[in-house]
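Structure at a glance
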Amino acid sequence: MDISKVIIPAAGLGTRFLPYTKAIPKEMLPLLNKPAIQYIIQEALASQVEQFLMITSKGKNAIADYFDTDPSLELFLQERNKSGLIQDLNKIIRSANFSYIRQPEPLGLGHAICMARHAIAPKEYFGVMLPDDIIIGQVPALLQLMRIARQERASVIAVQEVPEEYISMYGVVSIKKQFTPNLFQVASLVEKPQKKDAPSNLAIIGRYVLSQKLFKALDEVGFNQDHGEIQLTDGITQMSKNNEKVFAYKVQGSRFDVGTPIGWIKALISLASQDPYYAPHIKEFLTDLNTTNSFVYDRTKNLTHTV
Ligand code: UTP
């Protein structure tokens, strides 16, 4: 099974991160010295997928500018022997192929994915990566799904076990059959159920490998009556009803929802704590923060020097 394209829906308004997102796309939030979207592209490239169909909207041009060459910056850095500063990014720009498609109105995740329909051939399988979800692990999350999709010759969605008090924040899987501790066949998906109505504790997270048949299923379900949006979860449930096999796989790795300030802060601290350069600085700072010597605890102290 050849999986060579990934759709990245990045046309949402990012209301949970306002007012920041009024002028700057949340996909460009920094995680250490890279924007969040770069982690998504790196995960796909590490999974041997190089074609990106980026769904964008007004105000998201910074994403396209970032993944573009900049001859004057390159010359400037070359003259100062500093080309290394953008070396990794240039490698990405050289190996990836980006297409940008505008979603004229934020009419839902299913609608956003449909904007790339023309680029997907009949019978083709493709990836979908939500840029809010950063997943860090030994094996790229997308690659984990691709392996299952190839093994089962079917669509597969990433899931994570979630404590029941948080389940109503997620799309949740109703299981038809369990095959291994991590692999399930999906009966249907329920969007943000109440705790008492949740069919399982398996929450959908932002990675999918889907069959082209999704588009027909989304046509069939159309706009959701309750939300006025075309929802991906409705489309996947419809695929299942159409006797298309859909699997759910518990991916291994740490996941951060960087679409909210608290999720972004946790991602930042966690990445910094694991990075060879930043780790000693951040660990010392966090340790100090817990002591009464800390500037934070003693507001009468003079400004401390931080690196
Ligand atoms: P979210 O609902 O989590 O993101 O959509 P949002 O709409 O950007 O943010 P909030 O809820 O207002 O804070 C999940 C993903 O789907 C994309 C978003 O960009 C995000 O990556 N999306 C959502 C679209 O591309 N178009 C849409 O119409 C809706």
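Notes on the structure in this doc start here. (Residues numbered from 1 in each chain as written. Predicted model: local features only at pLDDT ≥ 70, side-chain atom pairs only at ≥ 80, totals over all residues. Heavy atoms only, no water.)

1. Examining the overall build of the protein
Stated precisely, the cut-off is as follows: Helix numbers and strand numbers start at the N terminus; a helix is a DSSP run of H or I with at least 4 residues, a strand a run of E with at least 2. Summary of the burial criterion: residues with accessible area below 20% of their type's maximum are buried, those above 50% are exposed, and those between are partly exposed, where the area comes from a 1.4 Å probe applied to protein chains only. Any two residues whose heavy atoms approach within 4.5 Å at even a single point are treated as in contact. Within this scheme the basic residues Lys and Arg register as positive and the acidic residues Asp and Glu register as negative, but His and the chain ends are omitted. For this purpose, a charge sits on NZ of Lys, CZ of Arg, CG of Asp or CD of Glu.
The helix and strand inventory of the protein stands at ten helices and 13 strands. Seen through its principal axes, the protein has C-alpha atoms that stretch 65 × 50 × 35 Å. Taken across its 307 residues, the protein has 47% of its residues classed as buried. Put simply, 74% of the contacts in the protein that link residues at least 6 apart link residues at least 24 apart. Separation of charge centres in the protein, based on 33 positive and 31 negative side chains, amounts to 3 Å.

2. Comments concerning the site of the ligand
Operational definition: Proximity is defined per residue: any heavy atom of the residue falling within 4 Å of a molecule or strand makes that residue near it. Nitrogen and oxygen atoms within 3.5 Å of one another constitute a polar contact, given that in protein one can donate a hydrogen and the other can accept it, and given that sequence-neighbouring residues count only through two side-chain atoms. In these tables, accessible area is a Shrake-Rupley quantity obtained with a 1.4 Å probe, and a residue counts as shielded only by the protein chains included in the view. Cavity and pocket criteria rest on a 1 Å grid covering protein atoms alone: a 1.4 Å probe that fits but cannot get out defines a cavity, protein on both sides within 12 Å along at least 5 of 7 lines defines an open pocket, and an atom within 4 Å of a point defines a lining residue. Criterion for pocket placement: a molecule counts as inside a cavity or pocket if more than half of its atoms are within 2 Å of its grid points. Amino acids are sorted into nonpolar (Ala, Val, Leu, Ile, Met, Phe, Trp, Tyr, Cys and Pro), charged (Asp, Glu, Lys and Arg) and polar (every other residue, Gly among them).
Near the ligand there are 17 residues, and of these Gly-12, Thr-15, Arg-16, Gln-103 and Gly-108 occur at the shortest range. At 2.8 Å from an oxygen atom of the ligand is found a main-chain nitrogen or oxygen belonging to Gly-12. The contact in question runs from an oxygen atom of the ligand to an N or O atom on the side chain of Thr-15, over 2.5 Å. Calculation on the ligand without its partners gives an accessible area of 560 Å², and the protein chains cover 81% of this total. At a threshold of 2 Å from the grid points, most atoms of the ligand map onto the largest pocket. A per-class count over the shell around the ligand returns nine nonpolar, five polar and three charged.

3. Observations regarding the environment of Val-186
Along the chain, the position of Val-186 falls in strand β10 (residues 183-191). For Val-186 and Asp-65, which are 121 residues apart along the polypeptide, the C-alpha to C-alpha distance reads 39 Å. Excluding residues within four positions of it along the chain, Val-186 makes contact with Ile-157, Val-173, Ser-174, Lys-176, Ser-240, Val-246, Phe-247 and Ala-248.

4. Looking at the side chain of Glu-27
Along the chain, the position of Glu-27 falls in the loop between β1 (5-9) and β2 (30-31). Taking the relative accessible area as the measure of exposure, Glu-27 reaches 3% and is therefore buried. Apart from residues lying up to four places away in sequence, Glu-27 is in contact with Ala-10, Pro-35, Ala-36, Ile-37, Lys-60, Ile-63 and Pro-131.

5. Quick notes on the side chain of Lys-60
Tracing the backbone shows Lys-60 in the loop between β4 (51-56) and α2 (61-66). At 3.1 Å, the side chain of Lys-60 forms a polar contact with the backbone oxygen of Ala-10. Once you skip the residues sitting within four places of it in the chain, Lys-60 turns out to touch Ala-10, Ala-11, Gly-12, Pro-25 and Glu-27.

6. Some points on the layout of surface pockets
Any space left empty among the atoms is revealed by the rolling of a water-sized probe across them. Test applied: Grid points are joined across faces, edges and corners, and a volume is the space filled by probe spheres set on the points.
When its volume is computed, the largest pocket comes out at roughly 1600 Å³. Lining the largest pocket are 48 residues, with Arg-16, Asp-132, Met-169, Lys-192 and Asp-257 positioned closest to its centre. Breaking the lining of the largest pocket down by element, the ones donating at least two residues are α5 (109-114), β8 (155-161), β11 (202-211), α8 (232-241), β13 (254-257) and α9 (261-274). It is β11 that provides the largest number of residues to the lining of the largest pocket, a total of four residues.

7. Section: the packing of aromatic side chains
The criterion, for reference: Centres within 6.5 Å are what make two rings of Phe, Tyr or Trp a pair, Trp counting through its six-membered ring; a difference in plane orientation under 30 degrees is then read as stacked, over 60 as edge-to-face, and the rest as tilted. Put simply, a charge is over a ring when the Lys NZ or the Arg CZ is close to the ring centre, within 6 Å, and near the line of the ring normal, within 35 degrees.
The final tally for this structure, using the stated rule, is nine aromatic pairs. Here Tyr-277 and Tyr-278 contribute two aromatic rings whose centre-to-centre distance is 4.9 Å and whose plane-to-plane angle is 80 degrees, an arrangement assigned as edge-to-face. Residue class for Tyr-277 comes out exposed when judged on its relative accessible area of 53%. Connected via pairs of aromatic rings, a cluster forms that spans Phe-52, Tyr-66, Phe-67, Phe-98 and Tyr-100. The ring of Tyr-39 has Lys-34 sitting right over it, with the charged end atom 4.6 Å from the ring centre. Between the NZ or CZ atom of Arg-80 and the centre of the ring of Phe-76, over which it lies, the distance is 3.8 Å.

Shape descriptors only; they carry no functional weight alone.
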